[in-house]
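Listed here are the chains, written in short residue letters.
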Amino acid sequence: MPSSRREFLVRTGAAAAALSSWPAELLARTTRPASDERVRLAVVGGGFGASHHWHEHPGCVVTAVTDLEENRRQRLRRQYGCDDVYPSLEVMLEKASDRFDAVAVFTDAPSHVRHAVMCFDAGKHVVSACPAATTLEDAKTLVAAQQRTGLRYMMHESSWYRQECIAARELYRSGGLGRLIYSEFEYYHDGIGTRSDNRQRWGGEKSWRMGFPPMLYPTHSLGFLVGTTGERIVKVSCLGQRIGDDFPFDGENAYDNPFSNEMALGITDQGNICRFGVFWAMAAEGERGQWFGEKQACYMGSSSGQSQMTKPRHGRAAPWEVPRYWEGDRLPEAMRHPSGHGGSSVFLCHDFIEALLNDREPVIDLAESLAMTVPGIVAHQSALQGGKQLEVPRLGEKHG
Ligand SMILES: NC(=O)c1ccc[n+]([C@@H]2O[C@H](COP(=O)([O-])OP(=O)(O)OC[C@H]3O[C@@H](n4cnc5c(N)ncnc54)[C@H](O)[C@@H]3O)[C@@H](O)[C@H]2O)c1
């Protein structure tokens, strides 16, 4: 890479601190002058990682793809129109490092930090599937690696850019929601990580999802909080539950996890209360939020049947009309279409690529990513201690 290009895409921590506050809404409107500069992206992981829209962004080209499995390598090749295919991330970094500037890490959740650090050490910016980390030690390792290398990091959390979350965020920022006194966020995914799920999807092999502790996957819930007000959970108490004969508890999973369901109650740095949960066994589905502001409440609809409503403090409840933000001018033209997880996928791709092109942090930078991740790790510890309230460390924050 010519040095001017490298300087353009790689920057130091000092500059990062200066630019780290949230820019205007999603920064989705392009701020960079017209240019033919393009981020060269490598994609790792051909499951969920093969369902995104990097290749549609005019400022991005996918130049390398990899998965451990052949059929998944072919999915990546087809999705991104990229014929430069490698048998593993390790081989790709060794053989083709000069062909990409950034890596999209969509591997198994427990490997995210190890893989992100490998990429940082090779001088690559990283966008990682959620969760950012699954242990506090890993979260600290990630922070240290980013500080050491000065490269950019983003967690690809869909709740943040669900259309309802964009609407709640705009309402909050315009003052229409008022203080977010109380909120309720949930991620319900019945049957995931069970023995039969494992048989059907992984041919009986033990995948990383088998018996995965629910609260190590808190980001779909907490994305609705952090992505609306930016506040942080500072203390948390959590209860765990064992439901379902098909769930591999305790010694049958790699995490010594006794719970299929976990529900937490947190207090934020603004003194607000937030209930957030992750259930793997229940008769409901989806990712959903309810925001109770001092001026207005917003109730997200869901495929489980709840209506999408809003209620001003001194008025009647009415349907909550949420715009289809992807249709407007927030995205490059080729990306103005519906996309996965509530329309979030195109926005997430845009966030990361625009950040690199504009030499600034992604909106979902490391601090925001860990604010959605770390409270869940601590909540699981709380559940293991019968609901004891625990303090949540603030990791990777911009100002100390
Ligand atoms: N809404 C969302 O944001 C959402 C939805 C689904 C999955 N996810 C996350 O995305 C990630 C991927 O999910 P998935 O369902 O595809 O998981 P998965 O386990 O099915 O796929 C992970 C893939 O990574 C590949 N891989 C692992 N190590 C590798 C290496 N060293 N080199 C190359 N390839 C490697 C594996 O071969 C596998 O195909 C997970 O972390 C999950 O948490 C997020």
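What counts and what doesn't
- Residues numbered from 1 in each chain as written.
- Predicted model: local features only at pLDDT ≥ 70, side-chain atom pairs only at ≥ 80, totals over all residues.
- Heavy atoms only, no water.
- Near = heavy atom within 4 Å.
- Polar contact = N/O pair within 3.5 Å; in protein donor to acceptor, adjacent residues only side chain to side chain.
- Areas by Shrake-Rupley, 256 points an atom, 1.4 Å probe, with all protein chains shown as cover.
- Helix = DSSP H or I, 4+ residues; strand = E, 2+ residues; numbered from the N terminus.
- Nonpolar A, V, L, I, M, F, W, Y, C, P; charged D, E, K, R; others polar.
- Domains from an automatic or database assignment.
- Disulfide = S-S within 2.5 Å.
- Buried < 20%, exposed > 50% of the residue type's maximum accessible area, 1.4 Å probe, protein only.
- Core = buried A, V, L, I, M, F, W, Y, C linked by side-chain atoms within 4.5 Å.
- Contact = heavy atoms within 4.5 Å.
- Buried area = accessible area lost by both parts, 1.4 Å probe.
- Axes fitted to C-alpha atoms, helices over the stretch in contact; angles between N-to-C directions.
- Parallel < 35°, antiparallel > 145°, perpendicular 65-115°, else oblique.
- Left-handed = near helix turned anticlockwise from the far one by under 90°.
- Pairing = 2+ DSSP bridges.

Neighbouring the ligand are 27 residues, the closest being F48, D67, H112, W208 and R209. Residue Y217 places a side-chain N or O atom 2.9 Å away from an oxygen atom belonging to the ligand. A distance of 3.4 Å separates a nitrogen atom of the ligand from a polar atom in the side chain of H220. Here the ligand, which alone exposes 850 Å², has 91% of that area covered by the protein. Listing elements by their share of the shell around the ligand, those giving two or more residues are helix 4 (89–96) and helix 5 (112–121). Taken together, the residues of the shell around the ligand break down into 11 nonpolar, 11 polar and five charged. When residues of the shell around the ligand are sorted by domain, at least three fall in each of domain 1 (3–159 + 346–363) and domain 2 (160–327 + 370–391).

Turning next to the state of the cysteines. Inspection of the entire model under this criterion finds zero disulfides. Here C130 is not cross-linked by a disulfide; its sulfur's nearest cysteine counterpart is in C349, at 14 Å. Residue C130 is classed as buried on the basis of its relative accessible area of 8%. C349 forms no disulfide, and the closest cysteine sulfur to it belongs to C60, at a distance of 8.0 Å. Residue classification places C349 among the buried residues on the basis of a relative accessible area of 0%.

Bringing the nonpolar core into the picture now. Counting residues in each nonpolar core, the largest one holds 107 residues, and the members touching the most others are V43, W54, F276, W291 and F352. Looking at this core, the element that brings in the most residues is helix 11 (residues 366–384), giving nine residues. A domain-level breakdown of this core finds at least three residues from each of domain 1 (3–159 + 346–363) and domain 2 (160–327 + 370–391). Leaving out residues up to four positions away in the same chain, W54 has contacts with L41, V43, C60, V62, Y80, A104, F106, V127, H156, C349, F352 and I353.

For the protein, the assigned domains read domain 1 (3–159 + 346–363) and domain 2 (160–327 + 370–391). A straight line from the C-alpha centre of domain 1 to that of domain 2 covers 25 Å. Taken together, the contact between domain 1 and domain 2 spans 24 residues of the former and 33 residues of the latter. Summed over both sides, the interface of domain 1 with domain 2 buries roughly 2300 Å², with 67% coming from carbon and sulfur.

On to the packing of helix 9 (residues 219–229) against helix 11. Close contact between helix 9 and helix 11 brings their axes to 9 Å; oriented N to C, the two are set at 130 degrees. Considering their axes alone, helix 9 and helix 11 lie oblique with respect to each other. For the pair helix 9 and helix 11, the crossing hand works out as right-handed. In contact with T219, L222, G223 and V226 of helix 9, helix 11 contributes E368, A371, M372, T373, P375 and G376. Residue composition of the contact of helix 9 with helix 11, grouped by class: five nonpolar, four polar and one charged.

With that out of the way, let us pick up the pairing of strand 7 (residues 180–189). Look at any regular strand and the pattern is simple: side chains alternate between the two faces of the sheet. Where burial is concerned, most of strand 7 is hidden: seven out of the 10 residues are buried. Summarising the sheet, strand 7 and strand 11 (residues 285–293) pair through nine bridges and their orientation is antiparallel. Of the residues in strand 11, the one forming a bridge with H189 is E285.

Quick look at the sheet that holds strand 4 (residues 102–105) now. Taken together, the six strands give an open sheet; going across it, the order is 3-2-1-4-5-6, and neighbouring strands pair in parallel fashion. Of all strands in the sheet, those with a lone pairing partner are strand 3 (85–86) and strand 6 (153–156), marking the two edges. With respect to the sheet, helix 10 (residues 340–357) is in contact with strand 1 (39–44), strand 2 (60–66), strand 4, strand 5 (125–129) and strand 6, its orientation differing from that of strand 6 by roughly 170 degrees.

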